[in-house]
Amino acid sequence: MKRGQFELSFGFIFSVILIAVFIVVAVIAINAFLDIRCSAETGKFIQDLKVEVNRIWTGAGYEGEKEFNINGCGIEFVCFYSESLRERGEYSDFIEDFKAYTGEEGEHNLYFYPRDSVDIPSTFINHVNMSSFSKNPYCFENKDNKIKINFEKRVNEAIVRIS
């Protein structure tokens, strides 16, 4: 062997390559699990919101605030939007994003912004009075992974008002 040279065995080189492959596969697997967690968190938020709206809708009357967890996943706003109502308010620039992701799935009224942060494009929440909103879309900001929503249903009303 000449001065300044050293030899690496085939086994050593092969081991280094295997370790690198295992690290890459581990990173890919961790990212996949994080994506699943985001979808699960978003789905749980939607389910909790539907349950709360249905609970209020079936009751005699209600007025109060409910806090929902929406952990991480890059969601900045949760918005109610109706294509049949006039667009107004400071979140009007979100509308093109909402329309692009409603697609052929039918009429939806609940959207997440920014849209690319979740796998669930949008959904429909029953028994919500969309015409009671002062803005369209009407958005709730994600603060510390929590969304606070006020609900109201008077005894003589058939659907739930959200503010």
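Note: the structure precedes this text.
Residues numbered from 1 in each chain as written. Predicted model: local features only at pLDDT ≥ 70, side-chain atom pairs only at ≥ 80, totals over all residues. Heavy atoms only, no water.

Turning next to the packing of aromatic side chains. One pair of aromatic rings is described through two measures. These are the centre distance and the angle between the planes. Taken as a whole and assessed by the stated rule, the structure comprises 16 aromatic pairs. Ring centres of Tyr 81 and Tyr 111 lie 6.0 Å apart, and the angle between their planes is 65°; on these two criteria the pair is classed as edge-to-face. Highlighted residues: Tyr 81 in the loop between β2 (77-80) and α2 (95-102) and Tyr 111 in strand β3 (residues 110-113), separated in sequence by 30 residues. Assessed through its relative accessible area of 1%, Tyr 111 is described here as buried. Here the aromatic rings of Tyr 91 and Phe 94 are separated by 5.4 Å at their centres, their planes lie at 40°, and the arrangement is tilted. Take Tyr 91 and Phe 94: they sit in the same class, and that class is buried. Ring pairing ties together the aromatic residues Phe 77, Tyr 81, Tyr 91, Phe 94, Phe 98, Tyr 111 and Tyr 113, which thus form one cluster. Residue placement shows Arg 55 over the ring face of Tyr 62; its charged tip is 5.1 Å from the ring centre. Directly above the ring of Phe 68 sits Lys 66, whose terminal nitrogen or CZ lies 5.9 Å from the centroid. (Phe/Tyr/Trp six-rings, centres within 6.5 Å; stacked < 30°, edge-to-face > 60°. Helix = DSSP H or I, 4+ residues; strand = E, 2+ residues; numbered from the N terminus. Buried < 20%, exposed > 50% of the residue type's maximum accessible area, 1.4 Å probe, protein only. Lys NZ or Arg CZ within 6 Å of the ring centre and 35° of its normal.)

Attention now goes to the state of the cysteines. A full pass over the atoms with the stated rule returns 1 disulfide. In this model Cys 79 forms its disulfide with Cys 139; the gap between the sulfur atoms is 2.0 Å. With the S-S dihedral at roughly 110°, the linkage between Cys 79 and Cys 139 falls on the right-handed side. With Cys 79 in strand β2 and Cys 139 in strand β5 (residues 138-141), this residue pair connects regions lying 60 residues apart in the sequence. As far as burial versus exposure is concerned, Cys 79 and Cys 139 are alike and both buried. (Disulfide = S-S within 2.5 Å.)

The alternating pattern of β2 places Phe 77 and Cys 79 on one face and Val 78 and Phe 80 on the opposite face, and all of these are buried. Summarising the sheet, β2 and β5 pair through 4 bridges and their orientation is antiparallel. Counted as the bridge partner of Phe 80 is Tyr 138 from β5. (Pairing = 2+ DSSP bridges.)

Before going further, it helps to examine the sheet that holds strand β6 (residues 146-153). In spatial order, the strands read β1-β6-β7; together these 3 strands make up an open sheet with antiparallel pairing. The open sheet terminates on both sides in strands that have one partner only, identified here as β1 (62-69) and β7 (161-162). The pairing of β1 with β6 spans 8 bridges and is classified as antiparallel. Note that in β6 the partner of Tyr 62 across the bridge is Lys 153. Across the face of the sheet, helix α1 (residues 10-58) comes into contact with β1, β6 and β7 while running at roughly 170° to β1. (Contact = heavy atoms within 4.5 Å. Axes fitted to C-alpha atoms, helices over the stretch in contact; angles between N-to-C directions.)

Bear in mind that shape data such as this cannot, by itself, settle questions of function.
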